[in-house]
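Structural characterization, general
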Amino acid sequence: MELRPYQHEVVSMVVENEGDMLIQAPTGAGKTIMFSKIIEELSGRGLKCLVLAHRGELIRQAQDKLEKATGLECGIFSAYMGKKEISPITVASIQSLARFRGDIYFDVVIIDEAHRVRGPLKESQYKTVLDPLQANGARILGFTATPYRLDIGYIYGELGWWNELSYQIPLRQLIDEGHLCDYLHRIALSTIKVKNDLKGVKKTAGDYNAQESSDLMTQSMNLHSIINTVQEEKSIVVFCVSIFHAECLGGILEDDFAIVHSKMKAEDRDEHLRKFDAGEVRWMLNVGVLTEGWDCPRVDAIVLARPTKSTSLYVQMVGRGLRNFLGKMRCVIYDIVGAYEEFGFVDDPNINEDQERKVCKTKVCEECLSVIPSNAQICPECGFSFAKEIEEKEKNEDEEDDAFEMKELSIHEHPDFGDVTTGSASHYTSKSGNECLMVKYFHTKRGKPVVHFYPTNQKWIGTKFATIARKYCPKFKETWLSPDRFMKAVNGGHVFPMKNLKVMTDKAGYEKISTL
């Protein structure tokens, strides 16, 4: 097998040098191929090599690729696989080896998914296995796509097992060279509300509490948001919070989906994965199973419906969709939970809070809801011009505008309402003095009513909100706004489609004072 240039560099670096090393290789970079070639080289020099993994699927995968790539036989030490073999080349479960009471000796230890290693200062199964091996002179080589953890940050340096990161393969480089597909990061209309609701979810061990996260994400609006947001993609993986969350979503889908979680029998889980891999079902609802060691190139959409504070988990989830596949141009990341604001782009993510964080340099295009660089003047997805928006805002700042002048607005003549046959506008005010203009019209091409709000005690906002309402309002059967969010909508100039306007305005303390 011919190695890619960066793979050859990694193999040469490890083989020609001494000492412990940590290699960052994104999902799809071929890290199993790399350490298989390293084992081939080092075992040829008479060195004994051990591969450590934490899951049965990873052990089976490492054994299969190692034997196919090198032709070398290896022993398996794993209770999950029913084998306890110690050979010059051994692939072992960290759990099984940590319980083993006999003496073992290896010259080289390779750790798959090395971000699982907590570091030498904390007791763990990895420490139990690695301490005696390292005391006898073994080299410790780590491979991971994410060299950081939620609890300690980077797994190298003062708190990590390794002193430094020895080699890094940038994700963007693999995309640009065609080894991985590109991606589009997009939010849902409900994402802003979910982000606000997450502020009230307590943290457990540094991450969002599982039960409270499940309660939030199983709300009807958040479940339907997934269905309404995903477009024409054919192989969609949803990362769910809990089994109950996955089952609730499955109840809405009714069919054309499969579920995998840790409570299933192994044979049932394998059958569900086989169906998805064969394209027999469109949706794969996953609960904590597919974040590592699962390769399915056909995945063309990832739905982030599991809130997390972990950069590693975020990168691992998105990485499941970046492998190339025939006819696949890119993978769409549907961000239901607002991960983009916490972590930024997956090819240059922010590390967790106890590290020196970078500013999250992203913004959302209000026209198509794509996540784009904060300095972008034109949305690369839909062509929306932010420069034009800024010019319009600056121009309107020089114009005097008040609530009564807004009464002269003719929705039949306004360029925003070109497909309108009937319409109405009403003026609302609150006890605190906040005012808004509610415009409701029937869109002939859509065949449905469209509603949006303009705050009349602020400068004219521009035409983009009308465009958003026209584009997205018909997709939703109902949108529920709390009184607090309604007030923020009016004050902030956001547009929200509504089904029951009277209830909403009454709950928010608004009273109609005129009809235009």
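1. What to know about the packing of helix 1 (residues 5-16) against helix 2 (residues 31-43)
- Following both chains from N to C, one finds helix 1 and helix 2 inclined at 35 degrees, their axes separated by 9 Å at the closest point. Considering the relative orientation of helix 1 and helix 2, their crossing is right-handed. Counting all contacts with helix 1, which are made through Gln7, Val10, Val11, Val14 and Val15, the residues of helix 2 involved are Met34, Lys37, Ile38, Glu41 and Leu42.
- Considered class by class, the residues forming the contact of helix 1 with helix 2 number seven nonpolar, one polar and two charged.

2. Observations concerning the layout of surface pockets
- In this structure, the second largest pocket encloses a volume near 600 Å³.
- Lining the second largest pocket are 22 residues, and of these His115, Arg116, Glu292, Arg306 and Leu313 sit closest to its centre.
- With three residues, the single largest contributor to the lining of the second largest pocket is helix 12 (residues 311-319).
- Residue composition of the lining of the second largest pocket, grouped by class: six nonpolar, seven polar and nine charged.

3. Thoughts on helix 8 (residues 210-217)
- Inspection of helix 8 places Ser213, Ser214, Leu216 and Met217 among the buried residues, and these make up the whole buried set. Along the axis of helix 8, the buried positions cluster into a sector of 160 degrees, meaning they face one direction only.
- Each element contacted by the buried residues of helix 8 is listed here: helix 7 (191-198), strand 13 (207-208), helix 9 (220-229) and helix 10 (243-253).
- The N-terminus of helix 8 is capped by Asn209, whose side-chain oxygen sits 3.1 Å from the backbone nitrogen of Gln211.

4. Some remarks on the pairing of strand 5 (residues 89-93)
- Where burial is concerned, most of strand 5 is hidden: five out of the five residues are buried.
- Residues Ile89, Val91 and Ser93 of strand 5 are buried on one face, and the alternating residues Thr90 and Ala92, pointing to the opposite face, are buried as well.
- With three bridges connecting them, strand 3 (residues 75-78) and strand 5 associate as parallel partners. Across the sheet, the residue bridging to Ile76 is Val91, located in strand 5.

5. Focus on the environment of Asn375
- Its location among the elements puts Asn375 in the loop between strand 20 (371-373) and helix 14 (386-397).
- Taking the C-alpha atoms as reference points, Asn375 and Lys363, 12 residues apart in sequence, are found 8.5 Å from one another.

6. Remarks on the nonpolar core
- Counting 101 residues, the largest nonpolar core has Val237, Val238, Leu285, Leu290, Val303 and Leu304 as its most contacted members.
- When residues no more than four places from it in sequence are discounted, the contact partners of Leu290 are Val237, Phe239, Val260, Leu273, Met284 and Arg320.
- The next biggest cluster of nonpolar side chains, apart from the first, holds 24 residues, and it includes Leu50, Leu52, Phe77 and Ala92.

7. So, the environment of Lys48
- Within the secondary structure, Lys48 sits in the loop between helix 2 and strand 2 (49-53).
- Taking the C-alpha atoms as reference points, Lys48 and Thr90, 42 residues apart in sequence, are found 8.4 Å from one another.
- Among residues more than four places away in sequence, those in contact with Lys48 are Pro88, Tyr105, Phe106, Asp107 and Val108.

8. Topic: the confidence of the model for the chain
- Within the chain, residue pLDDT values average 78, and 73% of them lie at 70 or more.
- Within the model, pLDDT remains below 50 along residues 397-424, and this stretch shows 60 contacts once partners closer than five positions in the same chain are excluded.

9. Re helix 12
- Taken across its nine residues, helix 12 has nine buried, putting it largely inside the fold.
- Three or more residues of helix 12 are buried, namely Thr311, Ser312, Leu313, Tyr314, Val315, Gln316, Met317, Val318 and Gly319.

10. Focus on the pairing of strand 6 (residues 108-112)
- In terms of residue burial, strand 6 counts as a mostly covered element, since five of its five residues are buried.
- Burial along strand 6 is two-sided: the residues Val108, Ile110 and Asp112 and Val109 and Ile111 are all buried.
- In the sheet, strand 6 pairs with strand 7 (residues 139-144) via five bridges, with the strands oriented parallel. Looking at strand 7, one finds that Ile110 is bridged to Leu141.

The rules behind these values
Residues numbered from 1 in each chain as written. Predicted model: local features only at pLDDT ≥ 70, side-chain atom pairs only at ≥ 80, totals over all residues. Heavy atoms only, no water. Axes fitted to C-alpha atoms, helices over the stretch in contact; angles between N-to-C directions. Helix = DSSP H or I, 4+ residues; strand = E, 2+ residues; numbered from the N terminus. Left-handed = near helix turned anticlockwise from the far one by under 90°. Contact = heavy atoms within 4.5 Å. Nonpolar A, V, L, I, M, F, W, Y, C, P; charged D, E, K, R; others polar. 1 Å grid on protein atoms, 1.4 Å probe; cavity = no way out; pocket = protein on both sides within 12 Å on 5 of 7 lines; lining within 4 Å. Points joined across faces, edges and corners; volume = space filled by probe spheres on them. Buried < 20%, exposed > 50% of the residue type's maximum accessible area, 1.4 Å probe, protein only. Arc of directions from axis to C-beta. Polar contact = N/O pair within 3.5 Å; in protein donor to acceptor, adjacent residues only side chain to side chain. Pairing = 2+ DSSP bridges. Core = buried A, V, L, I, M, F, W, Y, C linked by side-chain atoms within 4.5 Å. pLDDT = per-residue confidence, 0-100.

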